Amino acid sequence: MNSPSSMSTNKRLAAAAALASAIAIPAEGLKLLPYYDPGGILTVCRGHTGPDVKPNQRYDLATCDKLLDADMREALQIVERCVPGLPVRVLAAFGDAVYNIGPTVACDVTKSTAARLLAAGQLEQACRQLPRWNKARVFGVLTELLGLTKRRKLEMTVCLGDAA
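Presented here is a report on the structure given in the accompanying data block. (Residues numbered from 1 in each chain as written. Predicted model: local features only at pLDDT ≥ 70, side-chain atom pairs only at ≥ 80, totals over all residues. Heavy atoms only, no water.)

Attention now goes to unusual backbone geometry. With a phi angle near 60 degrees, Cys45 is a residue other than glycine that sits in the positive phi range. With respect to the helices and strands, the residue Cys45 is situated in strand S2 (residues 42-45). Of note in the backbone geometry, Asn56 takes a positive phi value of approximately 70 degrees without being a glycine. Note that Asn56 resides in the loop between strand S3 (48-49) and helix H2 (61-82). (Helix = DSSP H or I, 4+ residues; strand = E, 2+ residues; numbered from the N terminus.)

Another aspect to go through is the pairing of strand S1 (residues 31-36). Here S1 runs beside S2; their pairing, made up of 3 bridges, is antiparallel. Along S2, the bridge assignment pairs Lys31 with Cys45. Taking the residues between adjacent antiparallel strands as the criterion, S1 and S2 are bridged by 5 residues, where Gly40 takes a positive phi near 85 degrees. (Pairing = 2+ DSSP bridges.)

On to the state of the cysteines, then. For the structure on display, the rule yields 3 disulfides. Note on cysteine connectivity: Cys82 is disulfide-linked to Cys107, with sulfurs 2.0 Å apart. Measuring handedness by torsion sign, the sulfur bridge of Cys82 and Cys107 sits at about 105 degrees and is right-handed. One end of the pair, Cys82, is in helix H2; the other, Cys107, is in helix H4 (residues 104-107), and 25 residues separate them in sequence. The exposure class of Cys107 is partly exposed, given its relative accessible area of 23%. Here Cys127 pairs with Cys159 through a disulfide, and the sulfurs are 1.9 Å apart. Linking Cys127 and Cys159, the disulfide has an S-S dihedral of approximately -60 degrees and is accordingly described as left-handed. Placement of the pair is Cys127 in helix H6 (residues 123-127) and Cys159 in helix H7 (residues 146-160), with a sequence separation of 32 residues. Residues Cys127 and Cys159 agree in their burial class; the two are buried. (Disulfide = S-S within 2.5 Å. Buried < 20%, exposed > 50% of the residue type's maximum accessible area, 1.4 Å probe, protein only.)

This next bit is on the packing of aromatic side chains. On inspection of all chains with the given rule, the structure shows 0 aromatic pairs. Here the basic side chain of Lys31 rests over the ring of Tyr35, its NZ or CZ set 6.0 Å away from the ring centre. (Phe/Tyr/Trp six-rings, centres within 6.5 Å; stacked < 30°, edge-to-face > 60°. Lys NZ or Arg CZ within 6 Å of the ring centre and 35° of its normal.)

Among the nonpolar cores identified, the biggest contains 33 residues, and Leu86, Val90, Phe94, Leu118 and Leu130 are the most heavily contacted of them. Only helix H1 (4-28), H2, helix H3 (88-101), H4, helix H5 (113-119), H6 and H7 provide two or more residues apiece to this core. A per-element tally of this core places H3 first, with 8 residues. Apart from the residues lying within four places of it in its own chain, the contact partners of Leu130 are Ala93, Phe94, Ala97, Val105, Arg152, Glu155, Met156 and Cys159. With 7 residues, the next largest nonpolar core counts Val44, Val53, Tyr59 and Leu67 among its residues. (Core = buried A, V, L, I, M, F, W, Y, C linked by side-chain atoms within 4.5 Å. Contact = heavy atoms within 4.5 Å.)

Right, here's the structure in full:
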């Protein structure tokens, strides 16, 4: 049986997953055939990457939904392990960022001002750091990407909630 605190955590993670997925779905779009993203990473569905992505394999919508659910759950759990107990809106915003660009943004206090601010409990300031994570390596050069700029701005807006 789940303890009250784990139930609370489970409900918070579920709410954050719904909110984070609402950010990810329009930002990622849907591609049933694998493609290389601007950073050269083989990607499919709604931003799924990894060794299980097979070039030239067609994926169906049900598979894409399952991949997004699993990937987003994993991203949120990473954020939760790094900074337990965040409000849903902050967890969702950083969960989507981790889903999209990896755990450094939320977890690596040596490389990320946002991670340092999250760890220090300075949530509003951490949220305001998200727009800085709008670059990817394109042909080896760190380049601002319009899609990332829009996505980070939306994450910041969600993250700030009423403080926006």
